[in-house]
Amino acid sequence: MNLSTIKQEVRSVLDEVSASRYSDAEILRWINAAERDIAFKSGCLEDVLSLATSVESRLVTFTGFKVNHVLYTVGGTYSFPVNWVGTWKDTMATIWKDTSDTIWKDSSQDNLSVTNPSRSLQRITPKQLGRIDLHSSIIPQYYFQWGSYLVIEPRPTVSYNLEVFVSVYPSNQMTGDSDVPEIPEEFQHCIFPYVYAMAMLKIRRWKSFFDYYKNYISVLQRGIDMYVERQKTKYIELKIPTLSREVQQR
Amino acid sequence: MTVYSYTLSSLRTALRDLLNEASADFFTDAVLNSYINSAVRDIAIKARCIQGISSASTETHERYVDFTGYKCVAVEYEKVSLIEIAPLQAAHIVESGKVYPQYFFEWGLQIGIEPIPPGAYPLTLYIVNFPVAMIDDDETPDIPYAFCNLIVPHALSLALSQDNKEDVAMAIMNLYEGEVAYLSRFINAIVPDGDDNLRME
């Protein structure tokens, strides 16, 4: 759906094929305002940033308006033996055996190079700084967002790499007919009730304004519930459910 | 294509779109500017969204440290957050032999440090700041970008009140209040993760 399509549909619904009561500039402003509003309220425009801490500073600057998750990327790899029926030996001269028939070795052909796992940081409050068990470790373990900063606990002594899952706002206004909204497609239909509401407000049809705005909030909330609020799978959902009594009786 | 900029001028244009007044007539630019600045202040107060970090230092034998802003939410000394207390608790909770800053309370535009510092100790303050009024057309609000869309409904409500449309003005203001509360919880509320959040249920 591009800007041309959006404008055509808006004008159709407002029953105004060409600019009369509503100028093209006004409608364009409302469409862009709708896109921004949807992004701010849903957090649906998501990005992953690669950032790094600074030496002896808790503060990491990020772009966007909301930090949702932070991972500390340990970096590097470790060697994982994949050929479990293979053989281990510590030098060419020495052979380790578990039975007389089996010989173990850690030859390079049998090992896989695996990236060290990233570790998620837990969110804390500003009042918890320095008061949490750090498990005798100095790596980043906790964070909170303060303004445009990510605040890291414990205070890093070296540079650590972070993956930061953020919600951002549209980086470009739509101006040309072929421009498309940056918000995901599943949220783009929310633009329409917002624009209709603003149009009703301009001509002082108050009840229509509130009706359209209520509809906008309702469809936006439904989008948030379906596409932004991601539910973790629980163990019970992996099991076959027990039969209900009615089905048993049948 | 460029990112949209919430300048004083663009905010006034957005307001005039909805007031159906393309150029200054019933609503002068000065009046709309005042409504816009009022909206920015209101959002800053209710959402506590202008979050800043500042450095301060205690003075020898002086309990109080000044700060500027609406509220001091937390104080950090030597990588540890001070515990917030009430003035009533002063001198009743400090362990003997520990003279460095351990507790704080907030009163007016000062924070009180407990125990009273015997020297200069560097502090980091986590502050909620207040905005500066916009004057020039190309100035932008001090509130974060994500809150700027809320300026229009608040300012619009004030303008409609001026136009004797009090019922609609109040209805729009109520709508605005709900949105400020929602956005404040969505973006700013710091709800800590519990250990159970890390496990599969």
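Residues numbered from 1 in each chain as written. Chains lettered and ligands numbered in written order. Predicted model: local features only at pLDDT ≥ 70, side-chain atom pairs only at ≥ 80, totals over all residues. Heavy atoms only, no water.

1. Some details on the interface of chain A and chain B
Contacts between the two partners involve 57 residues from chain A and, on the opposite side, 53 residues from chain B. Summing both sides of the interface, chain A and chain B together bury roughly 5,100 Å²; the carbon and sulfur share of this comes to 58%. Residue Glu84(B) pairs with Lys127(A) through a salt bridge whose shortest N-O separation is 2.5 Å. The tally of links from chain A across to chain B stands at 23 residue pairs in polar contact (both at pLDDT 80 or more). Those elements that place two or more of their residues in the side of chain A that touches chain B are α2 (24–42), β9 (122–123), β10 (142–146), β11 (149–153), α4 (191–202) and α5 (206–228) of chain A. Counting residues per element, the side of chain A that touches chain B draws most heavily on α2(A), which supplies nine residues. (Contact = heavy atoms within 4.5 Å. Buried area = accessible area lost by both parts, 1.4 Å probe. Salt bridge = Lys/Arg side-chain N within 4 Å of Asp/Glu carboxyl O. Polar contact = N/O pair within 3.5 Å; in protein donor to acceptor, adjacent residues only side chain to side chain. Helix = DSSP H or I, 4+ residues; strand = E, 2+ residues; numbered from the N terminus.)

2. A closer look at the pairing of strand β8 (residues 122–128) of chain B
Residue and element names in this part refer to chain B. A large share of β8 lies buried, amounting to five of its seven residues. Alignment of strand β1 (residues 51–57) against β8, held across seven bridges, turns out to be antiparallel. Residue Gly52 lies in a different strand from β8, and its bridge partner there is Ile127. Both strand β3 (residues 71–77) and β8 contribute to a ladder of five bridges, which runs antiparallel. (Buried < 20%, exposed > 50% of the residue type's maximum accessible area, 1.4 Å probe, protein only. Pairing = 2+ DSSP bridges.)

3. A closer look at unusual backbone geometry
Following Glu153(A), the chain continues into Pro154(A) via a peptide bond in cis, with omega recorded as -5 degrees. Looking at where Pro154(A) falls in the secondary structure, it is placed in the loop between β11 and β12 (161–167). Omega for the peptide link from Glu114(B) to Pro115(B) comes to -5 degrees, which places this bond in the cis form. Here Pro115(B) shows up in the loop between β7 (110–114) and β8. The phi dihedral of Glu78(B) falls on the positive side, at around 50 degrees, and the residue is not glycine. Note on placement: Glu78(B) falls in the loop between β3 and β4 (80–81). Judged by relative accessible area, Glu78(B) falls into the exposed class, the value being 55%.

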